[in-house]
Amino acid sequence: VQQRYRARRLAAVLGECKEMAALDLSRNRIGDEGARMPTGVMRECTELAYLGLGENSISAEGAGRLAEGLGECKALVHLDLSDN
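Residues numbered from 1 in each chain as written. Predicted model: local features only at pLDDT ≥ 70, side-chain atom pairs only at ≥ 80, totals over all residues. Heavy atoms only, no water.

1. Here we look at the overall build of the protein
Moving on, step 1. Of the regular secondary structure elements, the protein holds four helices and three strands.
Moving on, step 2. Computed over C-alpha atoms, the radius of gyration of the protein comes to 11 Å, within 12% of the 12 Å expected from 2.2 N^0.38 for 84 residues, which places it in the range of a compact globule.
Moving on, step 3. Its C-alpha atoms put the protein at 30 × 25 × 20 Å along the principal axes.
Moving on, step 4. Here the protein, with 84 residues, has 36% of them falling under the buried criterion.
Moving on, step 5. The long-range share in the protein, meaning contacts at least 24 apart out of those at least 6 apart in sequence, stands at 84%.
Moving on, step 6. Of the roughly 5,000 Å² of accessible surface on the protein, a fraction of 48% belongs to carbon and sulfur atoms. (Helix = DSSP H or I, 4+ residues; strand = E, 2+ residues; numbered from the N terminus. Rg over C-alpha atoms; globule rule 2.2 N^0.38 Å. Buried < 20%, exposed > 50% of the residue type's maximum accessible area, 1.4 Å probe, protein only. Contact = heavy atoms within 4.5 Å. Areas by Shrake-Rupley, 256 points an atom, 1.4 Å probe, with all protein chains shown as cover.)

Written out as structure tokens, the structure is:
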């Protein structure tokens, strides 16, 4: 339940930060739900070059869903998924 709440809050924040270049959400326990960032939201983050998601309990399934949304992030050069 808390992971779903965090995921919804994350999506809402990302939708408002269209010019953000770096986002570090490491150690925030967002889990697989947080990794399901909607493609539409990620499409809005056209300047995002760094995304830190280390130590968030994201499984291989969650990482796969994350990858689907990140395909829209053309500026992304560094993705940290360490210690998941």
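2. Concerning the nonpolar core
Moving on, step 1. Of all hydrophobic cores here, the largest spans 17 residues; its most connected members are Leu14, Leu23, Met37, Met42, Leu48, Leu51 and Leu53.
Moving on, step 2. Listing elements by their share of this core, those giving two or more residues are helix H1 (2–16) and helix H4 (60–70).
Moving on, step 3. When residues no more than four places from it in sequence are discounted, the contact partners of Met37 are Leu10, Leu14, Met42, Leu51, Leu53, Leu66 and Gly69. (Core = buried A, V, L, I, M, F, W, Y, C linked by side-chain atoms within 4.5 Å.)

3. Describing the pattern of salt bridges
Moving on, step 1. Across all of its chains, the model carries two salt bridges by this definition.
Moving on, step 2. The salt bridge involving Glu55 is made with Arg27; its shortest N-O contact spans 3.6 Å. Of this pair, Glu55 sits in the loop between strand S2 (50–52) and H4 while Arg27 sits in the loop between strand S1 (22–24) and helix H2 (31–35); the two residues are 28 residues apart in sequence, bridging distant segments of the chain. (Salt bridge = Lys/Arg side-chain N within 4 Å of Asp/Glu carboxyl O.)

So far we have only geometry, and geometry alone does not tell us how the molecule works.
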